[in-house]
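So the chains spell out like this:
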Amino acid sequence: GGFVLSWYTKGVKKFLTQKYWHELFEVGMTLKAFNGVWETVTGFLFLVLSKETLQKGFSYVTKNELLEDPRDSFIQFLAHTFQNVSSDTKTFAALYIFLHGILNIFLVVQLYRDKHWAYLVTIGSMVLFMIYQIHRISIHHSLFLTVLTIFDALFIVLTWHEYKHHNEKVSI
């Protein structure tokens, strides 16, 4: 009786643990999907809108913030960045953000569809993007990019755990 109870208890604990891992993975996929949509829309807008239109839109969006605090260093930094970006840099950034968003959406859809190959492709592509992001962080010390990179690292761990669990399901 003790062996069966021990085996059952371990099985229940493993199921509950896997349930929480899976829920975290699904939350991560949802966040990745929203981020993918946001990046796709943003990248597309940066591609099709002129630099002047983007600057006017930025001024409109930040107008109230600047009325509250005309010396807001973050807003001033962004405004300066918008004014001094070259058209080549704008195009590169727009394409990078757009393609990253499309890739995120595509991979999340494949993960939701439980496509076995999508787990490793997701991990591999995220590692490649993280290498580039870490390079950019080392140059520009971006807090936003640092937070995004930490989120990506956590999502890689969740994806790896889900992949291992998926392999266990497949081999049963």
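Owing to the predicted nature of the structure, the values given are computational and were not obtained by experimental measurement.

## Observations regarding the layout of surface pockets
Left-over empty space is what a probe sized like a water molecule reveals as it rolls over the atoms.
At step 1: In this structure, the largest pocket occupies an estimated 1600 Å³ of space.
At step 2: L78, T81, A93, I97 and F144 are the residues nearest the centre of the largest pocket, which is lined by 35 residues in total.
At step 3: Residues of the lining of the largest pocket, tallied by class, amount to 19 nonpolar, 12 polar and 4 charged.

## Points about the nonpolar core
At step 1: Grouped together as the largest cluster of nonpolar side chains are 13 residues, with contacts concentrated most on F25, M29, L111, Y119, M126, F155 and I156.
At step 2: Contributing elements (two or more residues each) for this core: α1 (2-48), α4 (87-112), α5 (116-140) and α6 (143-171).
At step 3: No other element matches α5, which puts 5 residues into this core.

## Looking at the packing of aromatic side chains
At step 1: For the coordinates displayed, the defined rule picks out 9 aromatic pairs.
At step 2: With a centroid separation of 6.4 Å and 20 degrees between ring planes, the pair formed by F151 and F155 is classed as stacked. Taken together, the residues span about one helical turn, with F151 and F155 both in helix α6 at a distance of 4 residues.
At step 3: Residue classification places F151 among the partly exposed residues on the basis of a relative accessible area of 25%.
At step 4: Through a chain of ring-to-ring contacts, three or more aromatic side chains come together here, namely F25, Y119, F151, F155, W160 and Y163.

Reading the values: the criteria
- Residues numbered from 1 in each chain as written.
- Predicted model: local features only at pLDDT ≥ 70, side-chain atom pairs only at ≥ 80, totals over all residues.
- Heavy atoms only, no water.
- 1 Å grid on protein atoms, 1.4 Å probe; cavity = no way out; pocket = protein on both sides within 12 Å on 5 of 7 lines; lining within 4 Å.
- Points joined across faces, edges and corners; volume = space filled by probe spheres on them.
- Nonpolar A, V, L, I, M, F, W, Y, C, P; charged D, E, K, R; others polar.
- Core = buried A, V, L, I, M, F, W, Y, C linked by side-chain atoms within 4.5 Å.
- Buried < 20%, exposed > 50% of the residue type's maximum accessible area, 1.4 Å probe, protein only.
- Helix = DSSP H or I, 4+ residues; strand = E, 2+ residues; numbered from the N terminus.
- Phe/Tyr/Trp six-rings, centres within 6.5 Å; stacked < 30°, edge-to-face > 60°.

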